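# Inside the fold
Here is how the chains run, residue by residue.
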Amino acid sequence: MLFSLAVLAGDGVGPEVTNEAIKVLLAVGRRFGHTFNLRYGLVGGVAIDGTGTALPQDTFKMCQECDAILLGAVGGPKWDDPKAKVRPEDGLLTLRKKLGLFANLRPVKVFPMLVDSTNLKPQVIDGVDFIFVRELTGGLYFGRPKKQWRTSRGRRAIDTLAYSEQEIERIIRVGFELARTRRKKLVSVDKANVLESSRLWRQVATEVSEDYPDVELEHMLVDACAMRLIQNPTYFDVLVICNMFGDILTDEASMLAGSMGMLPSASLAGVPQEGVNIFGLYEPIHGSAPRRAGLNMANPMATILSAAMMLRYSFGLIKEAQTIEAAVEEVLNEGYRTYDIMNEGKVKVGTKEMGDLIAGKVGG
Ligand code: IPM
Ligand code: MG
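In this text the structure is predicted, and so the values were computed from the model without any measurement.

## Quick look at the pairing of strand 11 (residues 264-268)
The buried fraction of strand 11 is high, at five of five residues. Burial of the side chains of strand 11 extends over both faces: Pro-264, Ala-266 and Leu-268 are buried on one face and Ser-265 and Ser-267 on the other. Bridging between strand 4 (residues 103-109) and strand 11 involves three bridges; their strand directions are antiparallel. Across the sheet, Leu-105 pairs through a bridge with Ala-266, a residue of strand 11. Where strand 11 meets strand 12 (residues 280-284), five bridges bridge the pair, whose relative direction is antiparallel. Within strand 12, the position partnered with Ala-266 by the bridge is Tyr-282.

This is how it looks when you write it as structure tokens:
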């Protein structure tokens, strides 16, 4: 089959990790007889430097014309001035919003052979396997008004946390649909003891649950959830959460897996269901890691696993996705590690070598 793919490498280690994911995708193509038509575009800081905007028109148009997007990372100290008019992150936020990528899937899985690389006790994290469903195009990150201004008594700033019933319903459905394919346990995270938008969130979650009698729904306050993620992370199966809380808790949860370099993500424009291909953007959850850029150090596995998610959700290539996931596990089992997950007695490799090893296991 033929698929078209927009590649937005972005900043920092972005180009290095996307290169390795493409290497692995091309190996999948050769082995299973698929063609990936790759198109490249600018986003983030490199786009600001080149065109003055974080998401140039032609990048956006190209993304609309493709079946899926693979993104590296955006941002870096060069563009970090809080007074700057344009920010690399705007490119990513605009893409998500304009393409309707409301459902952000962030699986957190502890690979058994990496249990020693985390900061937590093995008995706490052994067997962790859950997935966050983060709402991505609403809530505090997009609400209006959003501004900073001067008053006679000093400066003020405002952000707005707003959700509509429809926005909540569709993301809750994604949570239930995923829970159905897993252990059938959905935790809906909110702050309903304080926030009005959370009270609506909780009501809608309860209403939608009537369509999913086979799935157990539990409401959990976000502060309690932050604690439980460290105290007893195997408790969780699927968590559905608003934009800002999801941003925070997914970084927290990534530490269970030992390194952010291991965790992929998918941002989807629809509710994932078997047999349906959904437009999506795929990116590692780590950032641009500017201090590691250009050093052939970064762990490409999060991006490679994101490519596997792309095969699964946007292209319907389940067997091919599993092949990549198995290849990653095999390479880890053989003892190869990038710097971020390095441990005694293991073999340290760079970004490119890790990509070669995984592509080699995929075959093709
Ligand atoms: C993430 C990132 C982004 C977000 C930033 C770069 C805008 O932190 O994907 O989690 O907050 O959504
Ligand atoms: Mg984040």
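From this point, the discussion proceeds with the structure in view.
## Re the state of the cysteines
Taken as a whole and judged by the stated rule, the model has zero disulfides. Its sulfur unpaired, Cys-66 is 6.7 Å from the next cysteine sulfur, which belongs to Cys-63. Of all cysteine sulfurs, the one in Cys-242 lies closest to Cys-225, which takes part in no disulfide; the gap is 11 Å.

## Some details on the pairing of strand 9 (residues 216-221)
Of the pairings in the sheet, the one linking strand 8 (residues 185-190) to strand 9 comprises six bridges and is parallel in character. When the sheet's bridge partners are listed, Leu-186 is paired in strand 9 with Leu-217. Once you follow strand 8 into helix 7 (residues 196-209) and on to strand 9, the crossover reads as right-handed.

## Some remarks on helix 3 (residues 57-65)
All of the buried residues in helix 3 are Thr-59, Phe-60, Met-62 and Cys-63. Buried positions in helix 3, seen along its axis, are confined to an arc of 160° and lie on one side of it. For helix 3, the exposed residues lying more than 90 degrees away from the buried face are Gln-57 and Asp-58. Buried residues along helix 3 sit in contact with strand 1 (2-10), strand 2 (35-40), strand 3 (68-73) and helix 4 (88-98).

## Brief notes about the site of ligand 1
Neighbouring ligand 1 are Glu-89, Arg-96, Arg-106, Arg-134, Tyr-141 and Asp-247. Arg-106 places a side-chain nitrogen or oxygen 2.8 Å from an oxygen atom of ligand 1. Contact distances for ligand 1 include 2.9 Å between an oxygen atom and a side-chain N or O atom of Asp-247. Protein coverage of the free-state accessible area of ligand 1, which is 320 Å², stands at 76%. Each residue belonging to the shell around ligand 1 can be placed in one class, and the counts come to one nonpolar, no polar and five charged.

## Looking at the nonpolar core
Counting 90 residues, the largest nonpolar core has Leu-105, Phe-130, Ile-172, Tyr-282, Leu-311, Leu-332 and Ile-358 as the members making the most contacts within it. The element contributing the most residues to this core is helix 10 (residues 301-313), with nine residues. Both domains that furnish three or more residues to this core are identified here as domain 1 (1-104 + 280-364) and domain 2 (118-257). The residues contacting Leu-105, other than those within four sequence positions of it, are Ile-131, Phe-132, Val-133, Val-174, Leu-178, Pro-264, Ser-265, Ala-266, Leu-268, Met-309 and Tyr-313. Counting residues in hydrophobic clusters, the runner-up holds 16 residues, among them Val-43, Leu-71, Leu-92 and Leu-101.

## Re the environment of Thr-137
Position of Thr-137 among the secondary structure elements: in the loop between strand 5 (129-135) and strand 6 (143-151). The class of Thr-137 is buried, set by a relative accessible area of 4%. As for Thr-137 and Gln-203, which are separated by 66 residues in sequence, their C-alpha atoms are 20 Å apart. Those residues in contact with Thr-137, other than ones at most four positions away along the chain, are Arg-96, Lys-97, Leu-101, Phe-102, Phe-142, Glu-167, Arg-170 and Asn-243.

## Quick look at the domain arrangement of the chain
We note that the domain assignment places domain 1 (1-104 + 280-364) and domain 2 (118-257) within the chain. Spacing between the C-alpha centres of domain 1 and domain 2 amounts to 25 Å. Counting from both sides, the interface comprises nine residues of domain 1 and, opposite them, 14 residues of domain 2. Area buried by domain 1 at its contact with domain 2 is led by Lys-97, Phe-102 and Asn-104, which between them contribute 54% of it. At the junction of domain 1 and domain 2, the tally comes to zero salt bridges. When contributions to the side of domain 1 that touches domain 2 are tallied by element, the ones reaching two or more residues are helix 4 and strand 4. Among the residues making up the side of domain 1 that touches domain 2, the classes are represented as six nonpolar, one polar and two charged.

## Here we look at the pattern of salt bridges
Within this structure, the stated rule accounts for 23 salt bridges. Residues Asp-247 and Arg-134 are paired through a salt bridge, measuring 3.8 Å at the closest nitrogen-oxygen approach. Of this pair, Asp-247 sits in helix 9 (residues 243-254) while Arg-134 is found in strand 5, placing the two residues 113 residues apart along the sequence. Judged by its relative accessible area of 27%, Asp-247 falls in the partly exposed class. Residue Arg-134 is classed as buried on the basis of its relative accessible area of 2%. For the salt bridge of Asp-190 with Arg-202, the shortest nitrogen-to-oxygen distance reads 2.8 Å. Residue Asp-190 is located in strand 8, and its partner Arg-202 is located in helix 7; the two are separated by twelve residues in the primary sequence. Connected through shared salt-bridge partners, Asp-129, Arg-182, Arg-183 and Asp-237 make up one network.

Criteria and cut-off values
- Residues numbered from 1 in each chain as written.
- Chains lettered and ligands numbered in written order.
- Predicted model: local features only at pLDDT ≥ 70, side-chain atom pairs only at ≥ 80, totals over all residues.
- Heavy atoms only, no water.
- Buried < 20%, exposed > 50% of the residue type's maximum accessible area, 1.4 Å probe, protein only.
- Helix = DSSP H or I, 4+ residues; strand = E, 2+ residues; numbered from the N terminus.
- Pairing = 2+ DSSP bridges.
- Disulfide = S-S within 2.5 Å.
- Right-handed = clockwise from strand over helix to strand, strands pointing away.
- Arc of directions from axis to C-beta.
- Contact = heavy atoms within 4.5 Å.
- Near = heavy atom within 4 Å.
- Polar contact = N/O pair within 3.5 Å; in protein donor to acceptor, adjacent residues only side chain to side chain.
- Areas by Shrake-Rupley, 256 points an atom, 1.4 Å probe, with all protein chains shown as cover.
- Nonpolar A, V, L, I, M, F, W, Y, C, P; charged D, E, K, R; others polar.
- Core = buried A, V, L, I, M, F, W, Y, C linked by side-chain atoms within 4.5 Å.
- Domains from an automatic or database assignment.
- Buried area = accessible area lost by both parts, 1.4 Å probe.
- Salt bridge = Lys/Arg side-chain N within 4 Å of Asp/Glu carboxyl O.

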